[in-house]
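# Architecture at a glance
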Amino acid sequence: MISLQQALRQSMKNLTVASSQRWTSTTQRSAIGMIRPFASATPGTPLSQQPKSRKELSETFLDGTSLVYVEDMYSAWKKDPSSVHKSWASFFQSADFDAPAGEAYMSPPTLQTSAPTAAQPTAATSTTAGGSANLKQVSESMRLLLLIRAYQVRGHAMANLDPLNLMVRPEPPELNISKYGFTEADLDKPIFVGDGLISGFLTNNAPQTTLRQVLTRLKQTYCGNVGVEYMHIQDREMCDWIRENFETPQAPEYKHDEKVKILERLAWADQFESFLGLKYKTHKRFGLDGCESLIPGMKAMIDDSAEMGVRDVVIGMPHRGRLNVLANVVRKPLKAIFNEFNGGVVSLEGEYSGTGDVKYHLGTSYDRVASNGNKIHLSLVANPSHLEAVNPVVEGKVRAKQQYAGDTEQNTALAIILHGDASIAGQGVVYETLHLSKLANYSTGGTIHIVVNNQIGFTTNPSSSRSSMYCTDVAKTIDVPIFHVNGDDVEAVVRVCKLAAEWRQRFKRDVIVDIVCYRRFGHNETDQPKFTQPLMYTKIGQQTPVMEKYSKQLIDEKVLTSDQYQQMRSVIRDAYEKGFQEGMKYTPKPSDWFENRWVGVKNTTQLAEVQSTNISQPEVKALGEVLCNVPAGFELHPTLKRILKEKNEMFEKGAGFDWATAEALAFGSLLLEGNHVRLSGQDVERGTFSHRHSVLHDQNNGSTYCPLKNVSSVLKKDAAEYVVSNSSLSEFAVLGFELGYSLENPKSLILWEAQFGDFSNGAQVILDQFISSGEQKWMRQSGLVMLLPHGYDGAGPEHSSCRLERYLQLCDGDPNKIPPREEAERKQAQHSNMQVINCTTPANYFHALRRQVLRDFRKPLIMASPKWLLRLTQSFSSIDEFTKVNSFTRVYGESNPQDLVAPEKVQRLIFCSGQVYYLLKAAREAAKVKDAAIIRVEQLHPFPFDLVADQLQHYPNAKVIWCQEEPMNMGPWSFVYHYFNSTFKSVNRPFNLQYAGRPSSASPAVASHSLHKLQEEIFLSEALGTKKNI
Ligand SMILES: Cc1ncc(C[n+]2csc(CCOP(=O)(O)OP(=O)(O)O)c2C)c(N)n1
Ligand SMILES: [Mg+2]
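Please read all numbers here as calculations on a predicted model, not as lab measurements.

Overall, the prediction assigns the chain a mean pLDDT of 86, with 83% of residues at 70 or greater. Scored below 50 in pLDDT, residues 95-130 shows 61 contacts in the model against residues more than four places distant or in partner chains. Confidence over residues 346-351 falls short of pLDDT 50; this stretch has 18 contacts with residues more than four positions distant or in other chains.

Next up, the structure:
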């Protein structure tokens, strides 16, 4: 049997033979055989009129996209022969029925004088006169089909996208009719296309058409002011939908009232920039000038989305045009915007103090009534300067909205993300975020992306900023349509924005709108662009603004009069002037800052209550029932059977609770208290260290069972939903996503776990720009937990350290400001930017997690999480530590005082944090040291001044040592040093803190296990005073 490709190639060969009959007689043909190139058979014919060689014809179209397309059809035909057009069906049938090479193609039934069968000779090999006529028709139809397909695939390359007309875009050869053996003389000859042969605009036409007619519509459709890329999409229905929407019999036309609406929206956008330019001449505003059509486009997109059921739109965008979007799309009151321009931003007197951010980074949210009267909530997420970093945050927020609204169809919440052309092509987080779009626990049902493609990034031309043809090419990896549109054609912009909205609601997939425009001024309004782009900016200087063009067009079309237009402008000008005046005396209200679900959450100036974090014994037992059992018939892996059995024993004995069980108890109890819990990160379902096993897999049929998802059904009690999800292998996007998720609802525990702590630096922007500073800049709280596996175990430079020093450096505590004792626990945390914890017991981990939710403010928690401690039975907890200890322990005092000398005789007071405690303890035991007390600082930030001071006073005569397993230039040493200094002073003790740890090093750890052990021995003996000339 011949392959599909062979059949296609052979068929193409036959087509080219058929089309050559004008130039070669049957005898010549038989004499030269089928291998002679046609071009050489017709000497003297002008190049453009020469028929193309078989090679060109067959390979250009049967390789690459067209072949993929045909292959797609072939697989569809295999599954269901009626799913493809009958012409293709007959072709595939022949190919599949062992047709000899080159004879697979059969002309469509309508072209046959009699109905064909698989056994009949094919048209291509027929030698009768009628057969030749048919062959010619078939050949023409097929070549036309290829031409149409070429336009569908590559027509965008000739679209008129650049308002400046500076883009140099050579015509792809496959868009030229000569490529198919057609000449000018063929333009008006009737060609048979077959009724319904091609989906799209030809379907409605008569079966006969002319090449000219087809070409005209192809150019209008694919090479006008919109260029559409969609043929890379694998799904047939989606491609057909695009075709149906583009290949319409007539070009779409707006009604008069629609045109006026577009004009009016354009005028609001245009006049906003000119008004700001006038009032604030020296301010940077990163104006939209040159892409004003974005505003009517976005508004139409949101109106249509509202009509299709969207109630919540979350927008993420960069600096460019942000204020215009805030004013004219989100409808932030003008007085608030102007107030910010006047310098009156951020500090909401007596309510919330922050240091704020520049006005083009601030977020906000408002309810708006869409044109159809539906209420719609619009929020613009605050973002840092770091371009594109906000994308995953937006996605997380939208996903959370869908989760809390129970919107499993993803109909009601929508993400719209705006990009710059240089940023979308350059920033890796774009790709990382796009790849979340179809993942079950991360999808938001399709994001609409809009690129303000002003063809420049600061001073850099596209040729220096990307290697791809379009800045949007990255999106092709996720199989979505890309609409490129000329920003000076405001109607076309509105049209594609509406299509994008419809696409998203229909297919729940991402879509890209690339508005090709220009930047009227420099990077900001005070920048001189002619230093670097003199020619472009000479052209821009001559460019008629889109407002002027469109108003003139509508006046010429008699859609409105010049007077009406002038009146429209003056109404808008008055509104801006009014907002400006009101902005002078406007004071922001707290309601501007808090979204619904956050009402009642305390800000830093309000008194927060401390709640107990323990749970009752019956509750522990009940959760044990959930965690230790699987449904009847569920076949566990033998090791997991043993693990569950051991877990059961823990619950029965009330002792030996390990870290995974403590975590599950925290999660389960929070779920029962109505808090949503979500844990995401790489391989978190099982856990990197094979300890969590949050999702169990049946060994016979692969089905899964997640005990914590079944808390409610097992215990017959209401419980919130638990989500645990292995994530894509991205740190930046996934951490950003979870941060966004955590911003939506305070009644939740949202956790992101790094595979190993050191990998989290791939998400450093989220940490620096959002987690550590977000609340202070934007007055938005988050209780996000970062679990960062940390600890030295001799495994080499990687995976040992989560780089605690970096997190500690980001903490905003002041070592010289010791809070009053009564405020230490609550207020200190409430006033800090984030917490850094390194627990030594499962129970303390449990209390730390519960404390995140059981208080009426939210703070990010950085948790250095255990590795080898996970299996250290010595670290495990008893049931009392969950039920009787009712809060997180910030500092553990000496655990075995009875084995030591009296406190005043203790010679060494060793402070440490994390797993090194167990090393110290073991070394102390081994060396039978009795005069060294070991204190665990479980919470590094906010620093527990009060409890450390207590220890200093309890052991008044001891030498004080800080012991850590990290090198001196890493770990907590340089952080705690300053805090100990002031704590010493607070208890009137001369400062003297000694260091015991690894020596300073560029690499976090040594590779050799024996050297690692030697280093360990040295610093432990230094700490304990057992050093004997090592
Ligand atoms: C991650 C990051 N790197 C660099 C910058 C500095 N920067 C600000 S705007 C800009 C150019 C952005 O170009 P583009 O995405 O095309 O947006 P435009 O300003 O043209 O609207 C650069 C490089 C930044 N803000 N963020
Ligand atoms: Mg740009």
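On we go.
A word on the site of ligand 1. In the region of ligand 1, 15 residues are neighbours, and R320, S385, D421, S423 and I456 sit closest. Between ligand 1 and the protein, one listed contact pairs an oxygen atom with a side-chain N or O atom of R320 at 2.9 Å. N454 has a polar side-chain atom sitting 2.9 Å from an oxygen atom of ligand 1. Across the complex, the protein chains shield 75% of the 580 Å² of accessible surface that ligand 1 would expose by itself. Take the shell around ligand 1: its biggest share by element is 3 residues, from helix α15 (residues 421-426).

Moving on, we get to the packing of aromatic side chains. Here the structure, examined in full by the defined rule, presents 37 aromatic pairs. Ring geometry for F651 against F657: centres 5.1 Å apart, planes inclined by 90°, an arrangement best described as edge-to-face. The residues F651 and F657 share a single accessibility class, namely buried. Three or more aromatic residues link up through ring pairs in this structure, and these residues are W268, F272, F275, Y280, F338, Y576 and F580. For the cation-ring pair, K279 lies above F580, with the distance from its terminal atom to the ring centre recorded as 4.5 Å.

A separate point is helix α21 (residues 562-584). One turn of an α-helix holds 3.6 residues; hence residues three or four places apart share an orientation. The first and last C-alpha atoms of α21 sit 34 Å apart over 23 residues, in line with the 33 Å expected at 1.5 Å per residue. Every buried residue belonging to α21 is among Y565, M568, R569, I572, Y576, G579, F580 and G583, and all of these are buried. Contact partners of the buried residues in α21: α10 (256-279), α12 (322-328), α13 (334-341) and α20 (546-556).

Glancing now at the coordination of the magnesium ion (ligand 2). Surrounding the magnesium ion (ligand 2) are the protein donor atoms D421 (OD), N454 (OD1) and I456 (O), which sit 2.0 Å from the metal. Look at where the donors of the magnesium ion (ligand 2) fall in the sequence and you get D-x32-N-x1-I. Here D421 is found in helix α15, whereas its partner I456 is found in the loop between β8 (447-453) and α17 (462-465), with 35 residues between them in sequence. Owing to a relative accessible area of 3%, D421 belongs among the buried residues under this scheme.

Going through the model one piece at a time under the given rule, you end up with 14 cavities of 30 Å³ or more. Estimated volume of the largest cavity: approximately 270 Å³. Lining of the largest cavity is provided by 23 residues; of these, A382, L743, G774, W778 and R780 occupy positions nearest its centre. Counting residues per element, the lining of the largest cavity draws most heavily on helix α28 (residues 774-778), at 3 residues. The residue inventory of the lining of the largest cavity, partitioned by class, reads 10 nonpolar, 9 polar and 4 charged. Composition of the lining of the largest cavity by domain shows at least three residues from each of domain 2 (256-343 + 356-585) and domain 3 (617-884).

A cis amide bond links H941 with the next residue in sequence, P942, at an omega value of 0°. One can find P942 in the loop between β22 (939-941) and α34 (945-954). The backbone of N988 sits at a positive phi, close to 55°, despite the residue not being glycine. Along the polypeptide, N988 turns up in the loop between α35 (973-986) and β24 (993-998).

So, about the sheet that holds strand β3 (residues 226-229). Read across the sheet, 8 strands follow the order β3-β9-β10-β8-β7-β4-β6-β5 without closing on themselves; strand pairing throughout is mixed. The open sheet is flanked by β3 and β5 (364-369), the only strands paired with a single partner. Neighbour-to-neighbour, the strand axes of this sheet turn through a mean angle of 20°, independent of strand direction. Strand direction decides the pairing type here: strand β9 (residues 482-486) and strand β10 (residues 511-516), joined by 5 bridges, are parallel. Counterpart to F483 in the pairing with β10 is V513.

Moving on: the nonpolar core. Counting residues in each nonpolar core, the largest one holds 102 residues, and the members touching the most others are L294 and I416. Non-local contacts of I416, meaning those with residues more than four positions away in its chain, are made with M298, M301, I302, V313, V314, I315, G316, I448 and I450. V429, I750, L788 and V836 belong to the second largest nonpolar core, which has 72 residues in total.

Pairing in this open sheet of 7 strands is mixed, and the strands run β14-β11-β15-β16-β18-β17-β22 from one edge to the other. The two strands at the open ends of the sheet, each matched to only one other strand, are β14 (722-726) and β22. Put simply, the sheet's adjacent strands are angled 20° from each other on average, direction ignored. Where strand β15 (residues 748-753) and strand β16 (residues 785-789) come together, 3 bridges link them in parallel fashion. In the strand pairing of β16, W752 is matched with M786.

Before going further, it helps to spend a moment on the pattern of salt bridges. Under the counting rule described, the total for this entry stands at 41 salt bridges. In this structure, R803 engages E805 in a salt bridge whose closest nitrogen and oxygen atoms are separated by 4.0 Å. Salt bridges linked by common partners bring E253, K259, E491 and E557 together as one network.

Let us look at the environment of S570. Relative to the elements of secondary structure, S570 occurs in helix α21. Through-space distance from the C-alpha of S570 to that of Q271 is 9.9 Å; in sequence the pair is 299 residues apart.

Okay, the packing of helix α26 (residues 732-742) against helix α27 (residues 764-771) next. Direction vectors running N to C along α26 and α27 enclose 30°, while the axes themselves pass 8 Å from each other. One finds that α26 runs roughly parallel with respect to α27. Where α26 approaches α27, its residues F732, L735, G736 and L739 are matched on the opposing element by V765, I766, F770 and I771.

In this section: the pairing of β16. With respect to burial, β16 is a largely interior element, 5 of its 5 residues being buried. Of the two faces of β16, the one lined by V785, L787 and P789 and the one lined by M786 and L788 are each fully buried. Bridge count for β16 against strand β18 (residues 861-865) is 5 bridges, and the pairing is parallel. When the bridges of β18 are listed, M786 appears paired with I862.

So, about the packing of α34 against α35. The N-to-C vectors of α34 and α35 enclose an angle of 60°; their axes lie 9 Å apart at closest approach. Compared by their axis directions, α34 and α35 come out oblique. When you trace α34 past α35, the crossing you get is right-handed. In contact with F945, V948, A949 and L952 of α34, α35 contributes Y979, F980, S982, T983, F984 and S986. Grouping the constituent residues of the contact of α34 with α35 by class yields 7 nonpolar, 3 polar and no charged.

Here the focus is the pairing of β24. Burial analysis of β24 places 5 of its 6 residues in the buried class, the great majority of the element. Note: strand β23 (residues 959-967) against β24, 5 bridges, orientation parallel. Residue P967 lies in a different strand from β24, and its bridge partner there is R998. Crossover β23 to β24 through α35 is right-handed.

The rules behind these values
Residues numbered from 1 in each chain as written. Chains lettered and ligands numbered in written order. Predicted model: local features only at pLDDT ≥ 70, side-chain atom pairs only at ≥ 80, totals over all residues. Heavy atoms only, no water. pLDDT = per-residue confidence, 0-100. Contact = heavy atoms within 4.5 Å. Near = heavy atom within 4 Å. Polar contact = N/O pair within 3.5 Å; in protein donor to acceptor, adjacent residues only side chain to side chain. Areas by Shrake-Rupley, 256 points an atom, 1.4 Å probe, with all protein chains shown as cover. Helix = DSSP H or I, 4+ residues; strand = E, 2+ residues; numbered from the N terminus. Phe/Tyr/Trp six-rings, centres within 6.5 Å; stacked < 30°, edge-to-face > 60°. Buried < 20%, exposed > 50% of the residue type's maximum accessible area, 1.4 Å probe, protein only. Lys NZ or Arg CZ within 6 Å of the ring centre and 35° of its normal. Expected span 1.5 Å × (residues − 1). Donors = N, O, S within 2.8 Å, 3.2 Å for Na, K, Ca; no water. 1 Å grid on protein atoms, 1.4 Å probe; cavity = no way out; pocket = protein on both sides within 12 Å on 5 of 7 lines; lining within 4 Å. Points joined across faces, edges and corners; volume = space filled by probe spheres on them. Nonpolar A, V, L, I, M, F, W, Y, C, P; charged D, E, K, R; others polar. Domains from an automatic or database assignment. Pairing = 2+ DSSP bridges. Axes fitted to C-alpha atoms, helices over the stretch in contact; angles between N-to-C directions. Core = buried A, V, L, I, M, F, W, Y, C linked by side-chain atoms within 4.5 Å. Salt bridge = Lys/Arg side-chain N within 4 Å of Asp/Glu carboxyl O. Parallel < 35°, antiparallel > 145°, perpendicular 65-115°, else oblique. Left-handed = near helix turned anticlockwise from the far one by under 90°. Right-handed = clockwise from strand over helix to strand, strands pointing away.

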